[in-house]
Amino acid sequence: MAEAIRVSGAVSGTDKTISFETGKLAQQSQGAVLASIGRTTVLATANAAKDVRPGMDFFPLTVDVEERAYAAGKIPGSFFRREGRPTEAAILTCRLTDRPLRPCFPDGFRNETQVVLTILGADQENPHDVLAINAASASFMISGIPFDGPIGAVRIAFSQDGEWIPHPTYAEGEAATFELVVAGRQLDNGDVAIMMVEAGGTEKSFAYYADGAPKVDEAVLAGGLEACKVWINESINLQRQLVASVIATKGPITPLQFSTQLDYAPEVFDAVAGLANDALAHAITISAKADRNAATDAATATAITALCGEGGAFAGREKEVKEAVRSLTKKLVRKRIVDEGMRIDGRGPRDLRPLSSEVGILPTAHGTGLFQRGETQVMNVATLAMPRMNQLLDTLDPETHKYFLFHYNMAPWANGETGRVGSPKRREIGHGALAARALIPVLPSQDEFSYALRLVAEVLASNGSTSMASVCSGSLALMDAGVPIKAPVAGIAMGLVYAEGKYTTLTDILGAEDAFGDMDFKVAGTADAITALQLDTKIDGIPADVLIAALAQAKEARDAILANMNACLSASRPEVSETAPKIISVFVPLDKVGEIIGPKGKVINTIQQETGADINVDDDGVQGIVTIGSVDGFRVEEAKARILSIIDPPKADIGGVYMGRVVNITKFGAFVNILPGRDGLLHISKLGRGKRINAVEDVLSLGDEIEVRVDEIDDKGKVSLSPAGDPPMESGEGESTERGSERAPRSDRGDRGDRGDRAPRRSSAEGSTDSSTVTVSFEDAFDDELRGELGDLGPASEAAPSGDRPPRREGGDRDRGARDRGPRRHR
């Protein structure tokens, strides 16, 4: 087996080490790199087709993440016990890797390209997503595929002490207030050009802020983007070291030969510019999206007819003409912004489109928010449920469940188009994750607010940043539902155009400005803190002063949007909606959890059936957590009272009479519930009213109501009962106060002497000195019963001396028919 080529380097300021290895695994892949940090390991394999597929008019780059359950020492939890379609975490890692890599391939490169990231080891301490970006870049660097890299990536966490921690563990990230994932490439001057940023606050951000941790605002964020360059450079240098080692060991890397694919020939563009320039210059001044698109389509059709029609100079080259029209439109839009400070819809660079906020749109929903910004309109619907509706996760991360779900939907009709409708695509999952990240920091914990939460964003119309409109409508829906969020959250999408040496930042970009610009970044936050950020750029870095100015401009827009939202609803409603379940949590001692559930769930099921409330019991290892929910508040209170009575049951009084319910039947008696959480034993000997009965079931059934009297309560709190109509029995007469025993221990029975010397038993008529006294002999009754079944039994038993009496079979009277029944079964 071939020897591996391996390089490693320390992460500054930590005791962590990142390593890259190649040459041992996946030897037939054009590029294969095994990357690791701690014990987390990712195999990246990069490959590209030798030729271009006919008709390919875009760069077909595919990034796939293959999560293997064995990486975390698990077996997949699905029915087939095998990995299936990618998890949401895998899809987000795909997007995170794709965004900084895609701009690094040369223009005109159209060969099908794929990088597959297989997670081989997950140590439950070090995340694998950022490692995957570095591994993918390294695999392209040694593959020969044209790639303007390397790309370095790092995650940094802002601690409660105000320090940035590189490559944090899961625990370090959870203890931080904010996390940044940044990817970039190295410029000729040694600086780092930032290519991608994905950032957000943590679940406990605002709790940490309340305890005195510094808030993450625009200045802190700009400082983090500058601080991360040190660790990005370290990753880039390590990848270059790997390339040098490969060349030193195997010789030069053979570059992949490819033919550049042009969207249009230069002469086609010149012809389109001369023919359609005026029509397109007018089209880009039309504010309404539909009208603007119609004008652009008309100009395109005119150009195609003139240049590709019969006798045209470019017959049969309609596709090139269309691409030339698009390129000319982009040029005109950018020139107008930079030269005139005018945008497509006539706004200035800092202007917001008209805003609108509404709540309470759907009467049956628990909470709704409708937010509109220009032609972008999103409705968000909040649903509250019991904690048992938390989403269970079967991933490689330590996280096992989520109590907050955000689902983003956008149908083709939101753009006035037709298309496939069905399961969410990667775009929908990515947009939903960004909006969720913006809202998570302000949500109450499930200890504070005992609900599972779901938001569904329905994009009703789209023309620029539906994800940030989803943040705004989501915040409104949560407040409308009565979820006590820490503060309202708003989001805004910003753009940047760099032309003729001038940077122009655009507020509230349109869809076309997103496509034609050089950068777009989305910022969400409260009035005084940033909760989420996403940034992608197509140029070689952004000067620090430009970025700081852009963040400040975004803050102005965010404040304006918050003002509009606050005018509609400025704080959460004091109570949840009347259509939402009312949920409370009761914390109980761990040793009471079993009593609340009862044998086979009998107690908790009874409470649910009788109160109509939904009850869930869980524990955190320290105490039990009982969650009670119902749409009707009185049902919740009734169930809560029943639970509390089990935790601290009321005391019964000796001599007191209670109407009880039979809750359990044993061979020695029936247990009767006389008070909430308080049962007593009604012994079998007290059920016959002076007559012997063979089984409790002959007299009582489960669920029967019976009036009973408390005869005794022992020092352990166990209650002895008797039927209320019978005279009280003396303590211990005919029963044991111990629940699990029919007879008292032998040591408690006293000295009975020699059974063989005892006097013969007398019949009920013998030896009676008082006519009012009746003596009952169970042996005489037994003899009478056998005599009726079998005939004469011979000489009277009392005539035989007791010492000559045949020994009674084991089991006594109850086994007298065993010989006829055959072997007894244990049930």
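A brief report on the enclosed structure follows. (Residues numbered from 1 in each chain as written. Predicted model: local features only at pLDDT ≥ 70, side-chain atom pairs only at ≥ 80, totals over all residues. Heavy atoms only, no water.)

Of regular secondary structure, the chain possesses 18 helices and 29 strands. Across the 827 residues in the chain, those meeting the buried criterion constitute 48%. Restricting to contacts in the chain with at least 6 residues of sequence separation, those with at least 24 account for 69%. With the model as given, the accessible surface of the chain reaches about 40500 Å², and the carbon-plus-sulfur share is 51%. (Helix = DSSP H or I, 4+ residues; strand = E, 2+ residues; numbered from the N terminus. Buried < 20%, exposed > 50% of the residue type's maximum accessible area, 1.4 Å probe, protein only. Contact = heavy atoms within 4.5 Å. Areas by Shrake-Rupley, 256 points an atom, 1.4 Å probe, with all protein chains shown as cover.)

On the surface, Asp 447, Asp 618, Asp 619 and Asp 620 cluster together into a negatively charged patch. Tracing the sequence through the fold places Asp 447 in the loop between helix H10 (426-439) and strand S17 (452-461). (Patch = residues over 30% accessible without salt bridge, like charges linked within 9 Å, V, L, I, M, F, W, Y side chains within 5 Å. Salt bridge = Lys/Arg side-chain N within 4 Å of Asp/Glu carboxyl O. Lys, Arg positive; Asp, Glu negative; His and termini not counted. Charge placed at Lys NZ, Arg CZ, Asp CG, Glu CD.)

Further remarks concern unusual backbone geometry. Cis geometry is adopted by the peptide bond preceding Pro 150, which originates at Gly 149 and carries an omega value of 0 degrees. Tracing the backbone shows Pro 150 in the loop between helix H2 (129-141) and strand S7 (151-158). Of note, the phi angle at Asp 508 is positive, near 55 degrees, even though the residue is not glycine. Within the element layout of this structure, Asp 508 appears in the loop between strand S19 (502-507) and helix H12 (511-516). Phi is positive for Lys 600, which is not a glycine, with a value near 55 degrees. Residue Lys 600 is classed as exposed on the basis of its relative accessible area, which comes to 86%.

Take the pattern of salt bridges next. Counting across every chain of the model gives 42 salt bridges. In this structure, Glu 226 engages Lys 229 in a salt bridge whose closest nitrogen and oxygen atoms are separated by 3.4 Å. Classification of Lys 229 as buried rests on a relative accessible area of 12%. A salt bridge links Lys 425 to Glu 428, with the nearest nitrogen and oxygen atoms 3.8 Å apart. Here Lys 425 falls in the partly exposed class, since its relative accessible area comes to 38%. For Glu 428, a relative accessible area of 7% translates into the label buried. Put simply, Asp 345, Arg 347, Arg 353, Arg 373 and Asp 508 are held in one network by salt bridges that share partners.

Turning next to the packing of aromatic side chains. Two measures describe an aromatic ring pair: the distance that separates the ring centres and the angle between the ring planes. Tallying each qualifying case throughout the model produces 14 aromatic pairs. With 5.3 Å between their ring centres and 90 degrees between their planes, Phe 79 and Phe 80 make a pair best called edge-to-face. When its relative accessible area of 75% is taken as the criterion, Phe 79 is described as exposed. Taking 4.3 Å as the distance between ring centres and 25 degrees as the angle between the ring planes, the aromatic pair formed by Tyr 498 and Tyr 503 counts as stacked. Since its relative accessible area comes to 33%, Tyr 498 is described here as partly exposed. On the basis of relative accessibility, which here comes to 29%, the residue Tyr 503 falls in the partly exposed class. Among the aromatic side chains, those forming a connected cluster through ring pairs are Phe 59, Phe 105, Phe 109, Phe 140, Phe 147 and Phe 258. (Phe/Tyr/Trp six-rings, centres within 6.5 Å; stacked < 30°, edge-to-face > 60°.)

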